[in-house]
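Take a look at the letters that make up each chain.
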Amino acid sequence: MTDLGLPKQILACLFDLDGVITRTAVVHAAAWKRTFDDFLRERDGDGFRPFDDGDYAAYVDGMPRADGVRSFLASRGIELPEGTPDDPPDKATVHGLGNRKNQLLLDMIRTDGVEAYEGTLRYIEAVRARGLRTAVVSSSANCLDVLRSVGAEALFDVRVDGVVAAERRLPGKPRPDTFLAAAKDLGVTPSEAAVFEDALAGMDAGRSGHFGYVVGVDRVGQSDALRAHGADIVVRDLDELGERA
């Protein structure tokens, strides 16, 4: 292992955004909860079963927005029309619900701002100082704006986010395609790249993509689940990787 806590063959690092680089995973979870609870209350009345943390981890965390809507609704036996990506937030379609969540998320970010995990930023700077290449791989269509808001845009050689994935027609996590695209853009093979993720869907993507190292970042006490889904190592903060080297 190197002093970065990575296998020696690793030449590039692929970082998820929400929950790894920025403290936005909790904001996403809150926006999803409000979106689904409002929808379920309108559909089922006050006796509805609320969206909870387990639903977030199992069905939406790390996934593209529309996939998250489909996944959660399927878990409750609910089907909605697909609609179109420009559906208004009050329309009862897959895309309408997704747009309602995104509107809530942006409102929360504008109100409360975004914070970065300083341990992650220090680690990325150390990675780049050693000559490794870096990419941000996120399902979020707001990735670039969030990176700019915390001054982290220049820390990445490549960005594969929700916008890029849509342009290239790449399926999102838990499929490995966005991570594979980032590795290719950086000029490395999957076995030469490390994946850094906090979501179970991201772990699945790292494992199925046969990446050289998969780092689970446990922000919410799910280390066992991260390991079960393919993490080679689990840390609470990326600063720990250098300490373990």
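Above: the structure in question.
Residues numbered from 1 in each chain as written. Predicted model: local features only at pLDDT ≥ 70, side-chain atom pairs only at ≥ 80, totals over all residues. Heavy atoms only, no water.

Turning to the packing of aromatic side chains, a few remarks are in order. Following the criterion strictly, the structure yields eight aromatic pairs and no others. Each ring, one from Phe15 and one from Phe156, has its centre 6.3 Å from the other, and the planes form 70°; the classification is edge-to-face. Of the two residues, Phe15 is situated in strand E1 (residues 12–15) and Phe156 in the loop between helix H6 (143–149) and strand E3 (158–160); the sequence distance between them amounts to 141 residues. Side by side, Phe15 and Phe156 carry an identical accessibility label, which is buried. When the centroid spacing of 5.0 Å and the interplanar angle of 80° are considered together, the rings of Phe51 and Phe72 count as edge-to-face. With Phe51 in the loop between helix H1 (25–44) and helix H2 (53–60) and Phe72 in helix H3 (residues 65–75), the pair connects residues that are 21 residues apart, well separated along the chain. (Phe/Tyr/Trp six-rings, centres within 6.5 Å; stacked < 30°, edge-to-face > 60°. Helix = DSSP H or I, 4+ residues; strand = E, 2+ residues; numbered from the N terminus. Buried < 20%, exposed > 50% of the residue type's maximum accessible area, 1.4 Å probe, protein only.)

All right, on to the sheet that holds E3 then. Across the sheet, which stays open at both edges, the six strands sit in the order E3-E2-E1-E4-E5-E6 with parallel pairing between neighbours. Edge strands, defined here as strands with exactly one partner in the open sheet, are E3 and strand E6 (233–235). Here the strands of the sheet are splayed against their neighbours by 20° on average, with no regard to which way each runs. Where E1 lies against strand E2 (residues 133–137), four bridges are found, and the strand directions are parallel. Within E2, the position partnered with Cys13 by the bridge is Thr134. (Pairing = 2+ DSSP bridges. Axes fitted to C-alpha atoms, helices over the stretch in contact; angles between N-to-C directions.)

All right, on to the nonpolar core then. Grouped together as the largest cluster of nonpolar side chains are 37 residues, with contacts concentrated most on Leu6, Phe15, Ile21, Tyr123, Phe156, Phe196 and Leu238. Contributions of two or more residues to this core are made by E1, H1, helix H4 (94–112), helix H5 (118–129), H6, strand E4 (193–197), strand E5 (213–217) and E6. Among the elements that make up this core, the one with the highest residue count is H5 (four residues). If near-sequence neighbours (up to four positions away) are discounted, Ile21 is found in contact with Phe15, Asp16, Ala116, Tyr117, Thr120, Leu121, Ile124, Val136 and Phe156. Membership of the second largest hydrophobic core comes to 19 residues, among which are Val158, Ala183, Ala193 and Phe211. (Core = buried A, V, L, I, M, F, W, Y, C linked by side-chain atoms within 4.5 Å. Contact = heavy atoms within 4.5 Å.)

Attention shifts here to empty space enclosed by the protein. All told, the structure shown has one cavity of 30 Å³ or more when counted by the stated rule. What lines the largest cavity is simply Leu17, Asp18, Thr24, His28, Leu105, Ile109, Ser140, Asn142 and Val146. Of the residues assigned to the lining of the largest cavity, the class counts are four nonpolar, four polar and one charged. (1 Å grid on protein atoms, 1.4 Å probe; cavity = no way out; pocket = protein on both sides within 12 Å on 5 of 7 lines; lining within 4 Å. Points joined across faces, edges and corners; volume = space filled by probe spheres on them. Nonpolar A, V, L, I, M, F, W, Y, C, P; charged D, E, K, R; others polar.)

To continue, consider the pairing of E5. Counting buried residues along E5, five of its five residues qualify, which places the element largely inside the surrounding structure. Sheet analysis places E4 next to E5, joined by four bridges and oriented parallel. Bridged to Ala194 within E5 is Tyr213. In this region the chain leaves E4, passes through helix H9 (residues 200–208) and returns to the parallel neighbour E5; the handedness of that crossover is right-handed. Across three bridges, E5 lies against E6 in parallel orientation. (Right-handed = clockwise from strand over helix to strand, strands pointing away.)

Time to look at the pairing of E2. Judged by how many residues are buried, E2 sits mostly within the fold: four of five residues are covered. Note: E2 against E3, three bridges, orientation parallel. Note on E3: the bridge partner recorded for Val137 is Val160.

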